[in-house]
Amino acid sequence: MEKLYAAVPRQSHLALVQTDEIADPSGKAGRVAVEMERRLMLGEYQFGETLSIAQLTRQFDASRQPVAAAIAHLRSSGYVEVIPRVGCRVVSPSTTEIGDFFVALGKLEAAAAGFAARRHEGEQASVLAEIANRGTAMWLDTQAERLDYINNLYDYHRQVWAMAKSPSLEGRVASMRRLATFYLWQGQAKLLPTSARLLSVERSEIEQAIKARDAFRAEILMEKHVAHKPFVNGIMMNAP
C-alpha cells in the first residue's frame, strides 16, 4: 500500500537535544541520558523492562558513574525507577495514571492554542498550516519513519507555543510532551491509517481555528486532540 506521509528534512527533536533541555547531567552522562531517552521515546524500551547498569555501561562504553547519573536524570524525568542492587526498571504506569496525564497535558496545550489564536502575528499562522499539512503517516515500521513523524508533531506544537508567546510555560510543557511521546509509543507497533488520518484532520482543524482567531474553539479542539491520543494509539480502550 502506498505511504501517504512524505518525510520533510529537518532537525531531529530526539537525536539533537539542546543542553538547556536536559539541564543536568552534562558531558558523557548527558550523552548517555539523551540516547536512553531517545530509545524510550521510540518504544525501544518497554514498560516494566529491567535495565542493567552493567549492560548499559558496556553498551555505551562508559563507566558506572555517568550511566548512574543518566539514570538518575531519567528517573527525575519520569521514565524509570531505580531498583537497589539491580539497576533500574522502565516505569509501568496504570491506565488511570496515563489517562490523567493526557487530560492534564491536554489542558495545558489547549491554553497554548487559545493564546496562539489571540496573539499570533505576521506569517506564523501560515507556518503552522504548512506543518499541519505535511502529510499523514500510514505505517511507522522503521525507526526513521517514527522519528520523522515525531519530529513533525513536535514542530507543530512548538509552532503553536511560538505563537502563544509564553516561553517560560512552554519550557515546562515541553518535558511533559516528551514523556507523552514515550507513553504513546508503548501502544500499537503501527499507527493505523484511520487513526493517523484522524489525528491529522484534528491538527488541521486546530490550525484553522487559531488562524481565524477563534480562541474558544482552538482550546476545545486541542484539549480533545491531546486527551484522546492514548485511546487512538491503543494504550487505552473505550474512549469517552
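Refer to the structure printed above.
Calculation rules
Residues numbered from 1 in each chain as written. Predicted model: local features only at pLDDT ≥ 70, side-chain atom pairs only at ≥ 80, totals over all residues. Heavy atoms only, no water. 1 Å grid on protein atoms, 1.4 Å probe; cavity = no way out; pocket = protein on both sides within 12 Å on 5 of 7 lines; lining within 4 Å. Points joined across faces, edges and corners; volume = space filled by probe spheres on them. Helix = DSSP H or I, 4+ residues; strand = E, 2+ residues; numbered from the N terminus. Nonpolar A, V, L, I, M, F, W, Y, C, P; charged D, E, K, R; others polar. Pairing = 2+ DSSP bridges. Contact = heavy atoms within 4.5 Å. Core = buried A, V, L, I, M, F, W, Y, C linked by side-chain atoms within 4.5 Å. Buried < 20%, exposed > 50% of the residue type's maximum accessible area, 1.4 Å probe, protein only. Expected span 1.5 Å × (residues − 1). Arc of directions from axis to C-beta. Phe/Tyr/Trp six-rings, centres within 6.5 Å; stacked < 30°, edge-to-face > 60°. Lys NZ or Arg CZ within 6 Å of the ring centre and 35° of its normal.

A. Structural detail: empty space enclosed by the protein. Scanning all chains against the criterion turns up one cavity of 30 Å³ or more. A volume near 230 Å³ is recorded for the largest cavity. Along the wall of the largest cavity there are 19 residues; nearest its centre are L153, A180, T181, L184 and K229. Looking at the lining of the largest cavity, the elements that each hand over two or more residues are α5 (95-119), α7 (143-164), α8 (167-184) and α9 (193-211). Classifying every residue of the lining of the largest cavity gives 12 nonpolar, three polar and four charged.

B. How the structure looks around unusual backbone geometry. You will see that D61, though not glycine, has its phi angle at about 50 degrees, which is positive. Structurally, the position occupied by D61 is in the loop between α3 (53-59) and α4 (64-76). Of note, R213 is a non-glycine position whose phi angle comes to about 60 degrees, a positive value.

C. How the structure looks around the pairing of strand β2 (residues 80-83). Note that β2 and strand β3 (residues 87-90) share four bridges and pair antiparallel. If you follow V80 over to β3, its bridge partner there is V90. Hairpin remark: β2 followed by β3, antiparallel, with three residues in the connecting loop; positive phi at R85, about 65 degrees.

D. Looking closely at the side chain of H228. Mapped onto the secondary structure, H228 falls in the loop between α10 (215-227) and α11 (229-232). In this structure, H228 is in contact with L198, L199 and E202, ignoring residues within four places of it in sequence.

E. Just the nonpolar core, in detail. Ranked by internal contacts, the top residues of the largest apolar core, which has 60 residues, are M36, F182 and I210. Ranked by residue count, the leading element in this core is α7, at nine residues.

F. α10, seen in detail. Between the first and last C-alpha of α10 there are 18 Å, a value that for 13 residues agrees with the 18 Å anticipated at 1.5 Å per step. Inspection of α10 places A215, A218, L221, M222, H225 and V226 among the buried residues, and these make up the whole buried set. Across the axial projection of α10, the buried residues extend over an arc of 130 degrees, all falling on one side. α10 presents F216 and K224 as exposed residues on the side facing more than 90 degrees away from its buried surface.

G. Focus on the packing of aromatic side chains. The tally for this structure, following the rule as stated, stands at seven aromatic pairs. Note on F102 and Y183: the rings are 6.4 Å apart at their centroids and 55 degrees apart in plane angle, and the pair reads as tilted. In this pair, F102 is assigned in helix α5 and Y183 in helix α8, connecting sequence segments 81 residues apart. There is no split in this pair, since F102 and Y183 are both buried. Here a set of aromatic residues connected by ring pairs shows up, and it is made of F47, Y79, F101, F102, F182 and Y183. The cationic tip of R119 hangs over the ring face of F115; the distance from NZ or CZ to the ring centre is 4.4 Å.

What is shown is where atoms sit, not what they do.
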